[in-house]
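A closer look at the structure
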Amino acid sequence: MINRLLVANRGEIARRVFATCRRLGIETVAVHSDADVGLPFVREADAAVRLPGTSPTETYLDAALVLEAARRTGADAIHPGYGFLSENAAFARAVLDAGLTWVGPAPESIEQMGSKVESKKLMEAAGVPVLGNLTPDTATEADLPLLVKASAGGGGRGMRVVRALADLPDEIDRAAAEAESAFGDGTVFVEPYVERGRHVEVQVVGDGEGQVLVLGERDCSLQRRHQKVVEESPAPELSAETAHALHEAARKAGEAIRYRGAGTVEFLYDPQTGRFWFLEMNTRLQVEHPVTELVHGVDLVEMQIQVAEGAGVPELASLAARAPGGHAIEVRLYAEDPARDWQPQSGTLTAFDVPGVSVEFAVLDRAGLGRAGLRLDAGFEAGSEVSTHYDAMLAKVIAWAPTRTQAARRLAGALAGARLHGPATNRDLLVSVLRDPAFLAGRVSTSFLVDRTFDQPGEGPSRAAATAAALALAERSRASRTVQRGIPVAWRNVLSQPQRIELEAPDGSRSTVEWLGGRDGYAVDDFVVVAVTADSVTLEADGVRTTYDVAVAGDAVDVDSPRGHVRLTRVPRFTDPADAVASGSLLAPMPGTVVTVAVEAGAHVEAGQPVLVLEAMKMQHTVSAPHAGVVTEIDVKPGDQVAAGEVMAVVSTGSTTEDSSTTRDSSTTEGGSTTDESEEA
Amino acid sequence: MSDNRTAMLDKLAELEAEHAKAVAGGGEKYVERHHARGKLLPRERIELLIDEGSAFLELSPLAGWGSDFTVGASVVTGIGVVEGVECMITANDPSVKGGASNPWTVKKIFRASQIAEENGLPTVALVESGGADLPTQKEIFIPGGKLFRDITRSSAAKQPTVAIVFGNSTAGGAYVPGMSDYTVMVKEQAKVFLGGPPLVKMATGEESDDESLGGAEMHARISGLADYLAEDEHDALRIGRRIVARLNWRKRGLDTLAGARCSTSEGDPSGHAETYAEPDADSDGLLDLIPTDLKEPFDPREVIARLVDGVSPTNGRAFDEFKPLYGPSLVTGWARIHGRPIGILANAQGVLFSEEAQKATQFIQLANQVDVPLLFLHNTTGYMVGKEYEQGGIIKHGAMMINAVSNSTVPHLSVIMGASYGAGNYGMNGRAYDPRFLFTWPSAKSAVMGPAQLAGVLSIVARAAAEGRGKAYDEEADAGMRAFIEASVEEQSLPFFLSGMLYDDGVIDPRDTRTVLGICLSVIENKAYSGTDRFGVFRM
């Protein structure tokens, strides 16, 4: 029996496991890096052990440190969560050797399924359909396009699509290099790439005795750069026969290796032909496990613990309180900027509130819910610091409803109404997807997000939002006056000009809001000002009143309304020349490490010429000259750590070009990967 | 809409048009040229200097009205809040003849200095002036010396002075930064020297240039006259704000008031209530209240109800009238404005009789006894004349009231709502009696007597003189004379004219009166005051 469980992980998955532990009466132990010390999972654990440092290698990936933490806290079991050490057979063995309970599959299963090449052979032998394995020598034009994948990888890491045979050797080399650097294993393999394929996976729980419980399938086709974004269960537009065939194939896969614990068998499904192929098996809990939990009414973490404690399939099956039903959709809310090539974002999450949440980290009690319910699994909370050291995922939001469209509507509504202030998020994109007719019709595929561009449903820096921001700022100034406090705002006996507040939109464009104060309060052109407080402004246009909620954190002004969210930045009235950034300065787009400096001070550069390369979250960002000119300043050298916004170099020009730009070279980032992907496939 | 309202709105529209002339400064061409040089207009500079969302009470905006000079007299003065500190701000308007000072400019700056001195305000001067308007130098040069004297006296009185130099500040003008406690000069714009290159060449033969004689860089690095070198105008204003932020300013009036008032039952120990209600009646109603014909009296209680704090938990009654049954032609009583206690004297029936004069005298003494500022609301045709009243001692009683007003040491505020004629203007604390602030409504009229009366008096005197000489009186000439006198006195008793003469601190929209008084009462707290117990000998 497990009494004290250590979760060798962080963020929402640690909280998720803790939640079940609390329900079962198991004590909890957290381990955390220095960067994570303020996150909720550390606080929620009964005991927390610091892993000194910030990088994953120094902390969550250091098996010895984790085991030492278990020893010091007297933990008798370790749950690895997903990512990090979850699919590390050596770690699993070390846990077992230390006499602790390993809440996961047998190390042998991890090894068998860890190699994509080996696992495919194994599955083929078990009668599970697999995609043909190709090499540069065997691949033909007819096989195009091809996919190069890292054997040891997961998610998008080391994955490259090849559309011309001539490119194949180079792409293999690159993928191998990436895999080598990311996993320490450069093995890659090549398989045909199904262009409009769907990613359908089956949840299994085995008892290690050869019995496997199948808990339906999930569709995880909606991906961007091979990273899952929207997941659901059951899979839409899937015939009962195909679903059944998938389930049976997964069962066979699990049985073949006498799988123990929760696992997921992933398939590539071609809706054109109705065929499917085994891709890989993930020997751990998946990020998207909640959709299965909501549809089947089961707690998968509880099942994992029960299996670890020796439960058999009949016992597990009894945990499923009821027959599966309804539809669940999960979205992954990321701190990333879809408009800037999904660049991960960092900073303080000044507001984090999803309206209408029914449960957190728990199975919905559908009986008491009425028609739809919302679940939130968040690793962060308002006030949390989001770093770029790890996964950029802020939270998973999951809706359950009797039908798929109801669930999608519920989820879209909750996301649209959420207060997410701080780093940019992919929220608007998620809302667009959930309201997209093709999505609602079930026409999903892995290229869904590549094939389509979505208009941002957010209103962007509209006049109304900017006006609301400016008036709330003015009202804040008014309310914080220390003298003449009762005098009307911006009162003038001789009027010479309107008051002006300048705001910068996320895209860098600036606009000035002009307003008048005086006897009758605030007045602006274009809108009737109905009400103004420091955090809410109601404007009327064309007889329609809209209320804008305005939150201010430093210079950042977040405006939320039924028309969406926009984060504006207040342009200060004055800038101390000593603080001004020289024109032509190259600023670090995010915290990171300088990898290379391509030019020397004094060199002449053309516009767009790479000046230096910055690595952040294992992605390389090329910082290019914003314009032609002379490099007058190089402030960094390879190996230097830079903070976001730090001046790294200055390119001077005779002209008065103001904008400095940092661009990412897509060729260096495509197929590159972020830490989140190491934690989850 | 009432006739009264229509008439008042017309007058307010005229007022706005006159203010617009002041704002327009030197006109479109000069404003454009100024902007093209990347420079800001005086009011643009002020808007950047003062705190966001704070009020700016511009003073004497109509200075020079009716003269040959541009309305506003090429300078902007007013009280603004900088980093939470109420400051007297002056700003030359370089779009008007290069910001040159004319006689009205000087008078306007004198008035600003007087207000700063009386109320203990720091001063921020936004300097860019080509010096004196030479054709009128005789009216400027000798009295103008006071400008510099006032700067250093202000400094000595612990009212810091800040000069931000945006452009020319040469010859005598150089002493504005020269006399100031803090100076900021804008790079490549400020020019501060006693004599420019041509004058130096003539005087000593030395070849020189503007920059080496008086550039901002030179003054910041070599002469030391500039304490701060600003990159540009915005930067200069930023620095100016930082200077004020570091003045360690506290409103000294509050220190003494706190001691004096802590025993009062209403209001907090700082002397005024933190929370208060807006007036019980809407200020908009003031537009209906003032009759187009000032012969028609109006009830000042209706005005008071629209100016003073309404009933609230800390203010049991909006206006506690004193001696309501005695001397009913003058209303006296206590109230609060923006939480601050005030005693109010308001004319009710125009004429002041002996009773009213005695009531006013007592009331002014009472206010001094408890250190409460006074507000005078003018609508008076003066002290009563006639046998009965002369014999009843109206002169003695009027003199008592003027004695009390003159020697009272609590701050006085005056608003001329309607008529302000004759010695009534004096007794009600007219300009000569130095109220801290005096504002005028567009409906006001002020003169020694009404135009018709004045013309009539002249006519009677002339007729008597003709009769004395045994000559027939020329009735036709008399009618012409009367019409002319009436018209010119009428014109000279109107608010724009009086404001142009600096006889008030500005003409205001009646609806803004509460706001203006609220600002004034806050400004007053920058200097300690207490009521007197020493008046002149009251003739009994």
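All values reported here derive from a predicted model rather than from experimental measurement.

**Things to note about the overall build of chain A**
Each helix and strand counted, chain A has 18 helices and 38 strands in total. Based on the C-alpha atoms only, the size of chain A along its principal axes is roughly 90 × 65 × 55 Å. Put simply, chain A has 681 residues, and 53% of those count as buried. Residue pairs in contact within chain A that sit at least 24 positions apart in sequence constitute 67% of those at least 6 positions apart.

**Things to note about the overall build of chain B**
The secondary structure content of chain B amounts to 21 helices and 16 strands. By the compact-globule yardstick of 24 Å for 540 residues, chain B fits well, its C-alpha radius of gyration being 25 Å. For chain B, the C-alpha atoms occupy an extent of roughly 80 × 70 × 50 Å along the three principal directions. Residues counted as buried form 54% of the 540 residues belonging to chain B. When contacts within chain B are restricted to residue pairs at least 6 apart in sequence, long-range pairs at least 24 apart make up 74% of them.

**Structural notes on the sheet that holds strand E4 (residues 77-79) of chain A**
Residues and elements named next belong to chain A. Here we have 5 strands laid out as an open sheet, ordered E3-E2-E1-E4-E5, and parallel in their pairing. The open sheet has two edge strands, strand E3 (47-51) and strand E5 (101-102), and neither has a second partner. In this structure, strand E1 (residues 4-7) lies alongside strand E2 (residues 27-33), joined through 4 bridges in parallel fashion. If you follow Leu 6 over to E2, its bridge partner there is Val 29. With respect to the sheet, helix H1 (residues 11-24) is in contact with E1, E2 and E4, its orientation differing from that of E1 by roughly 170°.

**Section: the confidence of the model for chain B**
Residues and elements named next belong to chain B. Within chain B, residue pLDDT values average 92, and 96% of them lie at 70 or more. Contacts for the low-pLDDT stretch residues 259-271, under 50 throughout, to residues beyond four places or in other chains number 22 contacts. For this predicted complex, the interface score ipTM comes out at 0.94, alongside a pTM of 0.85.

**Section: the sheet that holds strand E8 (residues 188-192) of chain A**
Residues and elements named next belong to chain A. The strand order across the open sheet formed by 3 strands is E7-E6-E8, and the pairing between neighbours is antiparallel. The open sheet terminates on both sides in strands that have one partner only, identified here as strand E7 (160-162) and E8. Across the sheet, the mean angle separating the axes of adjacent strands is 25° when strand polarity is ignored. Bridge analysis of strand E6 (residues 146-150) against E8 gives 5 bridges, and the strand direction is antiparallel.

**Focus on the interface of chain B and chain A**
Counting from both sides, the interface comprises 33 residues of chain B and, opposite them, 24 residues of chain A. Contributions of two or more residues to the side of chain B that touches chain A are made by helix H1 (3-24), helix H3 (42-49), strand E1 (56-59), helix H10 (233-245) and helix H21 (513-524) of chain B. The element contributing the most residues to the side of chain B that touches chain A is H21 of chain B, with 5 residues. Grouping the amino acids of the side of chain B that touches chain A by side-chain chemistry returns 11 nonpolar, 10 polar and 12 charged.

**Side note on the environment of Asn 119 of chain B**
Residue and element names in this part refer to chain B. Mapped onto the elements, Asn 119 comes out in helix H4 (residues 103-119). Taking the C-alpha atoms as reference points, Asn 119 and Asn 526, separated by 407 residues in sequence, lie 5.9 Å from one another. Not counting chain neighbours up to four residues away, the residues in contact with Asn 119 comprise Arg 436, Val 523, Ile 524, Asn 526 and Lys 527.

**Observations regarding the UniProt feature "domain: CoA carboxyltransferase C-terminal" (unreviewed entry) in chain B**
Those residues carrying the UniProt feature "domain: CoA carboxyltransferase C-terminal" (unreviewed entry) are residues 278-540 of chain B in this numbering. Each end of residues 278-540 of chain B is marked by a C-alpha atom, and these two atoms are 42 Å apart; helix forms 41% of the span and strand 18%.

**Things to note about unusual backbone geometry**
Residue and element names in this part refer to chain A. With an omega of -5°, the peptide bond between Ser 233 and Pro 234 qualifies as cis. Here Pro 234 lies in the loop between strand E11 (227-233) and helix H8 (240-256). Positive phi, close to 50°, is recorded for Gln 484, a residue that is not glycine. In this fold, Gln 484 is placed in the loop between helix H16 (463-479) and strand E24 (499-504). Residue class for Gln 484 comes out buried when judged on the 24 C-beta atoms lying within 10 Å of it.

**Structural notes on the nonpolar core**
Ala 468 and Ala 469 of chain A together with Ile 164 of chain B are the most contacted members of the largest nonpolar core, which totals 167 residues. The biggest single contributor to this core is H16 of chain A, with 10 residues. Contact partners of Ala 469 of chain A, with chain neighbours within four places excluded, come to Leu 503, Val 550, Val 557, Val 559 and Leu 568 of chain A. The next biggest cluster of nonpolar side chains, apart from the first, holds 141 residues, and it includes Val 17, Ala 77, Phe 267 and Val 301 of chain A.

**Quick notes on H1 of chain A**
Residues and elements named next belong to chain A. End to end, H1 covers 20 Å across 14 residues, agreeing with the expected 20 Å (1.5 Å per residue, within 8%). Of all the 14 residues making up H1, 10 are buried; the element is thus mostly covered by neighbouring parts of the structure. Once H1 finishes, Gly 25 follows within two positions and takes phi at roughly 85°, a positive value.

**Some thoughts on the confidence of the model for chain A**
Across chain A, the average pLDDT comes to 87, with 92% of residues at 70 or higher. In this model residues 655-681 of chain A is a low-confidence stretch, pLDDT under 50, and it forms 70 contacts with partners more than four residues away in sequence or in other chains.

**Considerations on the packing of H4 of chain B against helix H5 (residues 137-156) of chain B**
Residues and elements named next belong to chain B. At a minimum axis separation of 10 Å, H4 and H5 run at an interaxial angle of 25°. In this view, H4 runs roughly parallel relative to H5, as classed from their interaxial angle. Of the two elements, H4 crosses H5, and the hand of that crossing is left-handed. Contacts between H4 and H5 involve Pro 103, Val 106, Ile 109, Phe 110, Ser 113, Ala 116 and Glu 117 on the former and, on the latter, Glu 139, Ile 140, Pro 143, Gly 144, Lys 146, Leu 147, Asp 150 and Ser 154. Residue composition of the contact of H4 with H5, by class: 8 nonpolar, 3 polar and 4 charged.

**Re the packing of H3 of chain B against H10 of chain B**
For any two helices packed against each other, one specifies the inter-axial angle together with the distance between the axes. Residue and element names in this part refer to chain B. Following both chains from N to C, one finds H3 and H10 inclined at 45°, their axes separated by 9 Å at the closest point. In terms of axis orientation, H3 runs oblique to H10. In the crossing of H3 with H10, the sense of the turn from one axis to the other is right-handed. Contacts from Arg 45, Leu 48 and Leu 49 in H3 reach Glu 233, His 234, Leu 237, Gly 240 and Arg 241 in H10. Looking at the contact of H3 with H10 residue by residue, the class counts come to 3 nonpolar, 2 polar and 3 charged.

**What to know about the environment of Asp 371 of chain B**
All names here are of chain B. Within the fold, Asp 371 resides in the loop between helix H14 (354-369) and strand E12 (374-380). Given 20 C-beta atoms within a 10 Å radius, Asp 371 is considered buried. Sequence separation between Asp 371 and Gly 456 is 85 residues, and the spatial gap between their C-alpha atoms is 44 Å.

**With respect to the environment of Gly 343 of chain B**
Along the polypeptide, Gly 343 of chain B turns up in strand E10 (residues 340-347). Sequence-wise, Gly 343 of chain B and Ala 399 of chain B are 56 residues apart; in three dimensions their C-alpha atoms are separated by 20 Å.

**Quick notes on helix H7 (residues 197-204) of chain B**
For H7 of chain B, the buried fraction is low: 0 of the 8 residues fall into the buried class. Just beyond H7 of chain B, the residue with positive phi is Gly 205 of chain B, at close to 80°.

The rules behind these values
Along every chain, residues carry numbers that run from 1 in the direction the sequence is written. The lettering of chains begins at A and the numbering of ligands begins at 1, in the order of writing. Under the rules for a predicted model, residues below a pLDDT of 70 receive no local features and side-chain atom pairs below 80 are neither given nor counted, while totals for whole chains, interfaces and linings still include all residues. Only runs of H or I of at least four residues qualify as helices and only runs of E of at least two qualify as strands under DSSP, and these elements are numbered from the N terminus. Residue burial here comes from a neighbour count, namely the number of other C-beta atoms, placed from the backbone, that lie within 10 Å of the residue's own C-beta, with 20 or more meaning buried, 12 or fewer meaning exposed, and in between meaning partly exposed. By the criterion used throughout, residues are in contact when their C-beta atoms, derived from the backbone, lie within 7 Å. Atoms considered for the radius of gyration are the C-alpha atoms alone. The globule rule reads 2.2 Å times the number of residues to the power 0.38. Paired strands, in this sense, are two strands between which DSSP finds at least two bridges. Lines fitted to C-alpha atoms define the axes, with helix axes restricted to the stretch in contact, and inter-axis angles between N-to-C directions lie between 0 and 180 degrees. One confidence number per residue, pLDDT, is output by the predictor and ranges from 0 to 100. Classification convention: Asp, Glu, Lys, Arg as charged; Ala, Val, Leu, Ile, Met, Phe, Trp, Tyr, Cys, Pro as nonpolar; all other residues, Gly among them, as polar. UniProt positions are given in the numbering used here, feature names are shortened, and annotations may be inferred rather than shown by experiment. Structurally, a nonpolar core is described as a collection of buried Ala, Val, Leu, Ile, Met, Phe, Trp, Tyr and Cys residues joined by way of C-beta atoms within 7 Å. For a helix, the expected span equals 1.5 Å multiplied by the residue count minus one. Under this scheme an angle from 65 to 115 degrees is roughly perpendicular, one under 35 degrees roughly parallel, and one over 145 degrees roughly antiparallel; angles in between are oblique. Two helices crossing with the near one rotated counterclockwise from the far one by less than a right angle form a left-handed crossing, whereas a clockwise rotation gives a right-handed crossing.

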